[in-house]
Amino acid sequence: TLLLPLDSPDFRIAAEAVRQGFFAAHIATASRTPVDVRPTDGSVERIVQEYGAAIAAGTRVVVGPLTRSGVSAVATAGHGEAAVLALNQPETTMP
């Protein structure tokens, strides 16, 4: 699952570049693994909502979020069932 701020005016361009690069690599490797894209508006609430929905849908790997606040939110969300490749670092040092 890609968890990217594609609906955010501030981060849309960077998020789209990540999405395009991810799919370019996905195609180049001829992967048959389905990829779910969950756009957010960059708000912590929406990121946590979409992350939880991805976990509930059975996602095992999440790539994202892109923002520091989003990474912090996912790290503390309490849904440890999926591996997360965060595209930034948390706002503060995590325990």
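What counts, and at which threshold
Residues numbered from 1 in each chain as written. Predicted model: local features only at pLDDT ≥ 70, side-chain atom pairs only at ≥ 80, totals over all residues. Heavy atoms only, no water. 1 Å grid on protein atoms, 1.4 Å probe; cavity = no way out; pocket = protein on both sides within 12 Å on 5 of 7 lines; lining within 4 Å. Points joined across faces, edges and corners; volume = space filled by probe spheres on them. Helix = DSSP H or I, 4+ residues; strand = E, 2+ residues; numbered from the N terminus. Nonpolar A, V, L, I, M, F, W, Y, C, P; charged D, E, K, R; others polar. Core = buried A, V, L, I, M, F, W, Y, C linked by side-chain atoms within 4.5 Å. Buried < 20%, exposed > 50% of the residue type's maximum accessible area, 1.4 Å probe, protein only. Contact = heavy atoms within 4.5 Å.

A. Region of interest: the layout of surface pockets. In this structure, the largest pocket spans a volume of roughly 280 Å³. Along the walls of the largest pocket sit 15 residues, with Thr1, Thr33, Pro34, Val35 and Val61 positioned nearest its centre. When contributions to the lining of the largest pocket are tallied by element, the ones reaching two or more residues are α1 (12-28) and β3 (61-63). By residue class, the composition of the lining of the largest pocket is seven nonpolar, six polar and two charged.

B. Focus on the nonpolar core. Core analysis: the biggest nonpolar cluster contains seven residues, these being Leu3, Ile47, Tyr51, Ile55, Val62, Val74 and Ala82. Broken down by element, this core gets its largest block of residues, three residues, from helix α2 (residues 44-56). Non-local contacts of Val62, meaning those with residues more than four positions away in its chain, are made with Thr1, Leu3, Tyr51, Ala82, Ala83, Val84 and Leu85. Formed by six residues, the second largest nonpolar core is a distinct cluster that contains Leu4, Leu6, Ala15 and Leu66.

C. Region of interest: unusual backbone geometry. In this model, Gly64 is joined to Pro65 through a cis peptide bond whose omega is -5 degrees. Residue position: Pro65 is located in the loop between β3 and α3 (68-75). In the Ramachandran plot, Ala30 falls in the positive-phi region, its phi being about 55 degrees despite a non-glycine side chain. Within the secondary structure, Ala30 sits in the loop between α1 and β2 (37-39). Accessibility expressed as a relative area gives 59% for Ala30, which makes it exposed.

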